[in-house]
Amino acid sequence: MITSGVGARSDVELRLPADGAYAAVLRTLTAGLAARLDFTMDDIEDLRIAVSETTAMVLDQADPGADLLCRFRLSPGELTLECSTTAAAPAHPDYDSFGWQVLTTLTTDASVDVAPGGYAVRITLRTSLDLSDDVTGVGL
Amino acid sequence: MTEVDSRGSGRSAALEATRRENARLFLIFRDTDASDAERDTARDSLVHLHLPLVEHCARRFRNRGEPYEDLVQVGTIGLIKAVDRFDTDRGVEFSTYATPTIIGEIKRYFRDKGWAIRVPRRLQELRMQISAATAELTQSLGRSPLPREIAESIGCTVEEIVEGLESSNAYATLSLDATDDSDGDSGGGQSMLDAIGIDDVALEHVEIRESVRPLLESLPPREKKILLLRFFKNMTQSQIAAEIGVSQMHVSRLLTRTLEQLRTSLEHDV
């Protein structure tokens, strides 16, 4: 199990074509990683929705034929995902949109980084499990 | 049905009656000397006799997203199979024999037909195991369980749990036309399509225009011309009066009358 490596800080990177067809790959990878960080089933369900919203936002801005770069930062009970792409003319996010409301509700932290030529959405989720519970450490 | 609802001696008496009726019907159904018609009637009666058993089984699967009536239907198929296959010499109660067949049929329906998108059977069964284990562990732990805990409980790997999660999305897809009936069956539920689309603002004009067209066609030439000048060329009544050579008062009267005619014909049409 990878769990043994999660003690310190671990990073995972994934580069995908910026195409909706690959959203499921990212979702499953994210769920797989979260499963090792003591996220509960409910947390993972939230995370999967958050990842879908994130990819939807980023894909919307991506240049044709661009790549989607996904960086995970993993620590016990916490996962941060940054999804970025190259975007010639990135639009500023609509903070009143339904998608953004969903994202901020589901995540501990969510932010958008709009820079000339690039667009990135970063989300952080923490497990709802109380890590002081004796359940952690079992089987790690 | 009475044998389900009533209590005590009434219940056991009803059960006894059902049992006797069951035995009697099976004798006819299995009787090789009986005519086809007699046996068919006995078979029908047997199915009817045991329908409450199907309803009882189907109730256990309510609130799982499939209509209760559908479950009774497929359960009844299970019952018919059970009637055809039941061996009276085996010495077991018919209900004991039929229940697994009925439930099996309902479960198979959930597995095969319930899925909106075809998913390999291995994953379908895994998903059922996951949801059962999730419910059980949520109860015993008092919180949402970890994938690791579910994997331990089912006896599979965490990877398989994650795989099962992805497939569970294929179980129920939502039609854009499905209405939100969360606030009862008022019938006025909004569909997803209502929420994501808006009616074209000019759309209702199409209907009005199409209804008005034949009415306009039937107007006398002078009235038609007045309407045209007033509403399409945007001329004043005095300008129209000058154009067609009548008084402004007359134009006003003609306009009012024509519009009134159009309005009443439109209302009559509707």
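Residues numbered from 1 in each chain as written. Chains lettered and ligands numbered in written order. Predicted model: local features only at pLDDT ≥ 70, side-chain atom pairs only at ≥ 80, totals over all residues.

Right, let's get into the overall build of chain A. When its secondary structure is counted, chain A shows three helices and five strands. Counting from the amino terminus, helix and strand elements in chain A follow one another as β-α-α-β-β-α-β-β. Sequence separation of at least 24 residues holds for 70% of the intrachain contacts in chain A that already meet a minimum separation of 6. (Helix = DSSP H or I, 4+ residues; strand = E, 2+ residues; numbered from the N terminus. Contact = placed C-beta atoms within 7 Å.)

Time to look at the interface of chain B and chain A. With 13 residues of chain B in contact, the opposing surface of chain A contributes 11 residues. Broken down by secondary-structure element, the contributors of at least two residues to the side of chain B that touches chain A are helix 8 (147–154) and helix 9 (158–168) of chain B. The element contributing the most residues to the side of chain B that touches chain A is helix 9 of chain B, with six residues. When grouped by side-chain class, the residues that make up the side of chain B that touches chain A number seven nonpolar, two polar and four charged. (Nonpolar A, V, L, I, M, F, W, Y, C, P; charged D, E, K, R; others polar.)

Mapped onto the elements, Val162(B) comes out in helix 9. By C-beta crowding, Val162(B) is classed as buried, having 22 other C-beta atoms within 10 Å. Spatially, the C-alpha atom of Val162(B) lies 7.8 Å from that of Pro147(B), the residues being 15 residues apart in sequence. Sequence-distant contacts of Val162(B), that is, excluding residues within four places in its chain, are made with Thr28(A), Ala31(A), Gly32(A), Ala35(A) and Pro147(B). (Buried ≥ 20, exposed ≤ 12 C-beta atoms within 10 Å, placed from the backbone.)

Residues and elements named next belong to chain A. Across chain A, pLDDT averages 85, with 86% of residues at or above 70. The secondary structure element of chain A with the lowest average pLDDT is helix 3 (residues 98–106), at 85, and the one with the highest is strand 3 (residues 78–87), at 95. Contacts for the low-pLDDT stretch residues 1–5, under 50 throughout, to residues beyond four places or in other chains number six contacts. This stretch, residues 134–140, has a pLDDT under 50; its non-local contacts, to residues over four places away or in other chains, come to five contacts. (pLDDT = per-residue confidence, 0-100.)

Turning to the nonpolar core, a few remarks are in order. Residues Ala34(A), Ala35(A), Ile44(A), Leu47(A) and Ile161(B) are the most contacted members of the largest nonpolar core, which totals 42 residues. The element best represented in this core is helix 2 (residues 41–61) of chain A, accounting for seven residues. Apart from the residues lying within four places of it in its own chain, the contact partners of Ala34(A) are Phe39(A), Asp43(A), Ile44(A), Leu47(A) and Leu79(A). If you look at the next biggest cluster of nonpolar residues, it comprises 18 residues, including Ala42(B), Leu46(B), Val54(B) and Cys57(B). (Core = buried A, V, L, I, M, F, W, Y, C linked by C-beta atoms within 7 Å.)

With that settled, consider the pairing of strand 2 (residues 67–75) of chain A. Residue and element names in this part refer to chain A. Of the strand pairs in this sheet, strand 1 (residues 10–17) and strand 2 are connected by eight bridges, and their pairing is antiparallel. Counterpart to Leu16 in the pairing with strand 2 is Leu68. As judged from the eight bridges shared by strand 2 and strand 3, these two strands associate in the antiparallel manner. Looking at the pairing, Arg71 lines up with Glu82 of strand 3. The hairpin turn running from strand 2 into strand 3, its antiparallel successor, is two residues long, and Gly77 in that turn takes a positive phi close to 75°. (Pairing = 2+ DSSP bridges.)

Turning our attention to helix 12 (residues 221–232) of chain B. For helix 12 of chain B, built from 12 residues, the straight-helix expectation of 16 Å at 1.5 Å per residue is met to within 8% by its first-to-last C-alpha distance of 16 Å. With its phi angle positive at about 60°, Asn234(B) sits one or two positions after the end of helix 12 of chain B. (Expected span 1.5 Å × (residues − 1).)

Our focus in this paragraph is the pairing of strand 5 (residues 117–126) of chain A. Residues and elements named next belong to chain A. Across 10 bridges, the pairing between strand 3 and strand 5 is antiparallel. Bridged to Glu82 within strand 5 is Arg122. Sheet topology places strand 4 (residues 109–115) next to strand 5; seven bridges connect them, and they run antiparallel. Of the residues in strand 5, the one forming a bridge with Val112 is Val121. In textbook terms, the turn of a hairpin is the stretch between consecutive antiparallel strands, and for strand 4 and strand 5 this stretch comprises one residue.

This next bit is on the environment of Leu79(B). All names here are of chain B. Positionally, Leu79 belongs in helix 5 (residues 68–85). Remark: the alpha-carbon pair of Leu79 and Val47, spanning 32 residues in sequence, is separated by 6.7 Å. Contact partners of Leu79, with chain neighbours within four places excluded, come to Val47, His50, Leu53, Val54, Ala98 and Ile102.

For the rest of this paragraph, the subject is the packing of helix 3 (residues 36–49) of chain B against helix 5 of chain B. Residue and element names in this part refer to chain B. Contact geometry for helix 3 and helix 5: axes closest at 10 Å, N-to-C directions at 130°. Taken together, the axis directions place helix 3 and helix 5 in an arrangement best described as oblique. Remark: the crossing between helix 3 and helix 5 carries right-handed chirality. Here Arg43, Leu46 and Val47 of helix 3 come into contact with helix 5, specifically with Thr76, Leu79, Ile80 and Val83. (Axes fitted to C-alpha atoms, helices over the stretch in contact; angles between N-to-C directions. Parallel < 35°, antiparallel > 145°, perpendicular 65-115°, else oblique. Left-handed = near helix turned anticlockwise from the far one by under 90°.)

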